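Examining the three-dimensional arrangement
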Amino acid sequence: MARIVMKFGGTSMAGIERIRNVAARVKCEVEAGHEVAVVVSAMAGETDRLVGFCREASSLYDPQEYDVVVSAGEQITSGLLAITLQAMGVPARSWLGWQLPIHTDTAFAKARIGEIDTTALDQSLASGVVAVIPGFQGVAEGNRVTTLGRGGSDTSAVAVAAAMKAERCDIYTDVDGVYTTDPRIVPRARKLSKVTYEEMLELASVGAKVLQTRSVGLAMKEQVRVRVLSSFDDARDEDGHRGTLIVGEEEIDDMERQLITGIAHDKNEAKITLTAVPDRPGAVGAIFAPLADAGINVDMIVQNIAHSTGSTDVTFTVPSADLARSLDVLEKASGEIGYGNLVHDTRVAKISVVGVGMRSHAGVASTMFQTLGARGINILAITTSEIKVSVLIEEDYTELAVRVLHTAYGLDAEAA
């Protein structure tokens, strides 16, 4: 008998029939002798609807009351799933964030989990009762309801799994695992049986939509084994496994390891260029300090060789959603920075290749650059980490770049 956490996303909970499908999956695990905690998201589209109500009520809404409103979606699905399980003869009860409790800080709408008291949860599981927990929500000092930010139910599930020392955390989604790239772009993309925490963290941060970045980081920190699998498809790979396991590097056999694990793309990037920036100490700091103070994350940075005039151009990227705020911050700091022109472009995309095999193999970056160059795709910016190379290109070339790189690194599946 093992303890497991099962997390179901919004598409899995979209209506009573789908909730019955979820309940049937939970019942199978219970009948297999496992102690089960289930973390659920709101029904698909429900959180957006509730956010819309808040914005209609006031453009300057109180974040504390916003959290009260938007957390309601998960409360509804947790109660409905508990009712459905009971109707199937499975003992179950719902536990709201404040009832466990799941303690968070007071950063409303983007709270971070501090600790989870599992005393009552442990007793309930030991008595054979399935615990149904709404994702995305917690409680802060003063007993105020908090939410963890969009996609926060993944983080809730991993945190609960860590607190209750679960054998694994199963994340059920509308895809059947992690692929070498988006199969909608490359039909011959392969489903991966195992991916390391580091690789999944990089893939999530550069555009892969399978898991929330925070949840992967927490899983790596707490060493929670995570499995990504479909709510709607029970297909297994040739080894009889379902989904993709996210685990430590030590769990992946050398025979299973490959140079590149996956290729991700992200069109939610905006490029900003400041021209004629004075080439003097502290000039670059004057650009990025106010952006950091405004909570804006800067990704790629390129500084050109200084002109004979004693100035240089600085190019960098920010999330598209932060572009307007970034331009406002830079314009207000223009006197201190002393740049010439401020130019921006949203018609760009970031393409990334990720794999722990890069640590021990040379030539990954050169293969990427040569492959893109051969197809006439110009590189606008580059950034790297130990296991990742990312380039910025024109948005129109996104799908072509993903396809040719997928082939160049030998990731295409064999033809059926």
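Fair warning: this is a prediction, and the values are worked out from it, not measured in the lab.

Quick notes on the rules
Residues numbered from 1 in each chain as written. Predicted model: local features only at pLDDT ≥ 70, side-chain atom pairs only at ≥ 80, totals over all residues. Heavy atoms only, no water. Pairing = 2+ DSSP bridges. Helix = DSSP H or I, 4+ residues; strand = E, 2+ residues; numbered from the N terminus. Axes fitted to C-alpha atoms, helices over the stretch in contact; angles between N-to-C directions. Contact = heavy atoms within 4.5 Å. Core = buried A, V, L, I, M, F, W, Y, C linked by side-chain atoms within 4.5 Å. Buried < 20%, exposed > 50% of the residue type's maximum accessible area, 1.4 Å probe, protein only. Disulfide = S-S within 2.5 Å. UniProt positions renumbered as here; feature names shortened; annotations may be inferred. Polar contact = N/O pair within 3.5 Å; in protein donor to acceptor, adjacent residues only side chain to side chain. Salt bridge = Lys/Arg side-chain N within 4 Å of Asp/Glu carboxyl O.

All right, on to the sheet that holds strand S3 (residues 92-94) then. The strand order across the open sheet formed by eight strands is S3-S6-S2-S1-S9-S11-S12-S10, and the pairing between neighbours is mixed. Every interior strand has two partners, whereas the edge strands, S3 and strand S10 (194-196), have only one. For this sheet, the mean angle separating the axes of adjacent strands, direction not counted, is 20 degrees. Summarising the sheet, strand S1 (residues 3-8) and strand S2 (residues 35-40) pair through six bridges and their orientation is parallel. Note on S2: the bridge partner recorded for Val 5 is Ala 37. This element, helix H5 (residues 119-126), spans S1, S2, S3 and strand S6 (130-134) of the sheet and lies at about 125 degrees to S2. Along the sheet, helix H7 (residues 197-205) makes contact with S10 and strand S12 (244-247), crossing S10 at roughly 80 degrees.

Membership of the largest hydrophobic core comes to 36 residues, with the highest contact counts inside it found for Val 5, Leu 121, Ile 133, Cys 169, Val 226 and Ile 246. Residue assignment for this core shows that the elements contributing at least two residues are S2, H5, S6, helix H6 (152-163), strand S9 (168-173), H7, helix H8 (213-222) and strand S11 (226-230). Among the elements that take part in this core, H6 stands out by supplying five residues, more than any other. Excluding anything up to four places from it in sequence, Val 5 contacts Ala 37, Val 39, Ala 157, Val 160, Ala 161, Met 164, Ala 166, Arg 168, Cys 169 and Asp 170.

With that settled, consider the state of the cysteines. Summed over all chains, the structure comprises zero disulfides. Cysteine Cys 169 shares no disulfide, and the gap to the nearest cysteine sulfur, in Cys 28, comes to 18 Å. Residue Cys 169 is classed as buried on the basis of its relative accessible area of 0%.

Another aspect to go through is the UniProt feature "binding site: substrate" (unreviewed entry) in the protein chain. Within this structure's numbering, the places UniProt gives as "binding site: substrate" (unreviewed entry) are Thr 47 and Glu 74. A maximum C-alpha distance of 8.7 Å is found for the annotated residues, which run over 28 residues; spatially they form one tight group. Under the relative-accessibility criterion, Thr 47 is labelled buried at 11%. Setting aside anything within four residues of it in sequence, one finds Thr 47 in contact with Ala 42, Glu 74 and Arg 150. Excluding residues that lie within four positions of it along the chain, Glu 74 makes contacts with Val 40, Ser 41, Ala 42, Thr 47, Pro 134, Gly 135, Phe 136 and Ser 153. At a separation of 3.2 Å, a polar atom in the side chain of Glu 74 contacts the main-chain amide nitrogen of Ala 42.

Below, the discussion takes up unusual backbone geometry. The phi torsion of most residues other than glycine is negative, and most of the peptide bonds are trans. The omega torsion of the bond from Leu 100 to Pro 101 falls at -5 degrees, within 30 degrees of zero and hence cis. Within the element layout of this structure, Pro 101 appears in the loop between S3 and strand S4 (102-104). One non-glycine residue, Asn 143, lies in positive phi territory at about 60 degrees. Mapping Asn 143 onto the fold places it in the loop between strand S7 (137-140) and strand S8 (144-147). Unlike most non-glycine residues, Gln 223 shows phi in positive territory, near 55 degrees. Note on placement: Gln 223 falls in the loop between H8 and S11.

As enumerated under the stated definition, the model contains 23 salt bridges in all. Between Asp 154 and Lys 7 there is a salt bridge; the shortest N-O distance is 3.0 Å. Here the residue Asp 154 occupies a position in helix H6, and Lys 7 occupies one in strand S1, the gap between them amounting to 147 residues. As far as the burial class goes, Asp 154 and Lys 7 line up, both buried.

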